[in-house]
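Fold and contact review
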Amino acid sequence: MAIERGNDSPLPPTSPANITAVTNGTGTGAGLAPSNANYRLRLNPNQDHRADTYDDLGMEFTPLLFSSLERYLPPNLLDVPRDTKYKYMRDILRRYSTEGERTREQKHKEYRQKIVSNYQPLYRELYTMNPSMFFVQSFLKAFNANEKNKDESIKSIMSEPSPGVYTFDMLQPRFCEMLLSEVENFEKWVHETKFRIMRPNTMNKFGAVLDDFGMQGTLDKLMEDFIRHISKIFFPDVGGYSLDSHHGFVVEYGMDRDVELGFHVDDSEVTLNVCLGKQFTGGELFFRGVRCEKHVNSETYPEEIFDYAHAPGRAIIHRGRHRHGARATTSGHRINLLLWCRSSVFRELKKHKKEFLNFCGECKREKKGRLLHSVAAKKKELLVGEGDIAS
Ligand SMILES: O=C(O)CCC(=O)C(=O)O
Ligand SMILES: [Fe+2]
């Protein structure tokens, strides 16, 4: 699977040429397609099927991938024992991922294991999802609504200051403080032990990957129980309903840290970005329209220009392909929590759809242009026809 690698040179926000596709550089974006005809999958998922959980079987591939893939199994396999389904899906995945990728994933697992078995967390309570401790009342209330009203209740706490960008209050101040201290504690440990850690992505030189020091379970829950629901409502065109893996990290800005972040797209379908604090000036995000791979460097239209100022505890959520960057943090320290959420199913489906991707601003324009053109041609044809009749 080809993964775009980011380069580290920031670009002026007004000039999208050679925009950076920023990745975490581990090459773990998965895709699913059996190359062998004996292994069949359905084209469309069975949305009503309640998939099994595979948490205890996640040695080779991430367990969420199995739950997500299960809905694509042929009907006669949906209700067979879990082990049978597991083996069937594992064989498909093995055909798809290369030996090299599997070795890289194994190495990454060992790297995580080494950290987790040596690092002593400061706040154990951060390592299990605890909604009432993490989230503000409005957010909790929106998600506690009964299933019938849930979409409406989630929509009611969201603002959409620019098309495709949503903001909402999310994290409690105490939770932000605790997470900041935990990250500081982790960095202190890294410094003292001289452990060589991987930075969050190809553009940030500071910050830490939360998944690498034990928070993967918490962030899995955050994605599964909250972000997937939000994304299902607002981002169905990029597989928001089928998010099945994530990359969770914090980024740190200040005069002695990363100062700004160049214009880029994320290696995600949906990105959640929450400001944790502390005190800072600057650091605004700038957005410049959503683009597919083909149009990533195309021009920006005035209606796509949007700037956003971070505030502690407040979240912003957008498509990963929404071009953006962060302006310089001019004083103090800004630390943000990022969750890049991915859908392997969407990535696979996208490969088969070569043009007019629904989410891309430029594809939409092209589509509209062609439609207008064909309507005009049809009109002309009809007029000529009428002329023939009249003469
Ligand atoms: O600094 C920010 O708030 C944005 C970070 C970001 O866009 C990213 O890490 O992908
Ligand atoms: Fe980003």
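Thresholds, definitions, all that
Residues numbered from 1 in each chain as written. Chains lettered and ligands numbered in written order. Predicted model: local features only at pLDDT ≥ 70, side-chain atom pairs only at ≥ 80, totals over all residues. Heavy atoms only, no water. Near = heavy atom within 4 Å. Polar contact = N/O pair within 3.5 Å; in protein donor to acceptor, adjacent residues only side chain to side chain. Areas by Shrake-Rupley, 256 points an atom, 1.4 Å probe, with all protein chains shown as cover. Helix = DSSP H or I, 4+ residues; strand = E, 2+ residues; numbered from the N terminus. Nonpolar A, V, L, I, M, F, W, Y, C, P; charged D, E, K, R; others polar. Donors = N, O, S within 2.8 Å, 3.2 Å for Na, K, Ca; no water. Buried < 20%, exposed > 50% of the residue type's maximum accessible area, 1.4 Å probe, protein only. Core = buried A, V, L, I, M, F, W, Y, C linked by side-chain atoms within 4.5 Å. Contact = heavy atoms within 4.5 Å. Pairing = 2+ DSSP bridges.

Bringing the site of ligand 1 into the picture now. In the vicinity of ligand 1 lie 15 residues, with Y253, D266, N273, H310 and R334 positioned nearest. Separating an oxygen atom of ligand 1 from a side-chain N or O atom of D266 is a distance of 3.0 Å. Between ligand 1 and N273, the relevant distance is 2.9 Å, taken from an oxygen atom to a side-chain nitrogen or oxygen of the residue. Contact with the protein chains removes 99% of the 290 Å² of surface that ligand 1 exposes when unbound. Residue contributions to the shell around ligand 1 peak at 4 residues, all from strand β14 (residues 334–342). Along the lines of polarity and charge, the residues of the shell around ligand 1 split into 7 nonpolar, 6 polar and 2 charged.

Around the iron ion (ligand 2), the protein contributes the donor atoms H264 (NE2), D266 (OD) and H324 (NE2), which lie 2.1 to 2.2 Å from the metal centre. Among the residues examined, H264 registers a relative accessible area of 2% and is labelled buried.

Now for the nonpolar core. Of all hydrophobic cores here, the largest spans 64 residues; its most connected members are F135, M170, L222, I227, I230 and L272. Among the secondary structure elements, those contributing two or more residues to this core are α3 (99–118), α5 (137–144), β3 (165–169), α7 (173–193), α8 (216–234), β7 (270–277), β11 (314–319) and β14. Per element, the largest residue contribution to this core is 9 residues, and it comes from α7. In this structure, M170 is in contact with F134, F135, V136, F139, L222, L272, V274, G313 and A315, ignoring residues within four places of it in sequence. Core analysis: the next-biggest nonpolar cluster, separate from the first, contains 17 residues, Y39, L73, L77 and L93 among them.

With that settled, consider the pairing of strand β5 (residues 245–253). Working note: regular strand, side chains alternate between the two faces of the sheet. The element β5 is largely enclosed, with a buried count of 8 among its 9 residues. Note that strand β4 (residues 208–209) and β5 share 2 bridges and pair antiparallel. Paired with A208 across the strands is V250, a residue of β5. One ladder, built from 9 bridges, connects β5 with β14; its direction is antiparallel. In the strand pairing of β14, Y253 is matched with R334.

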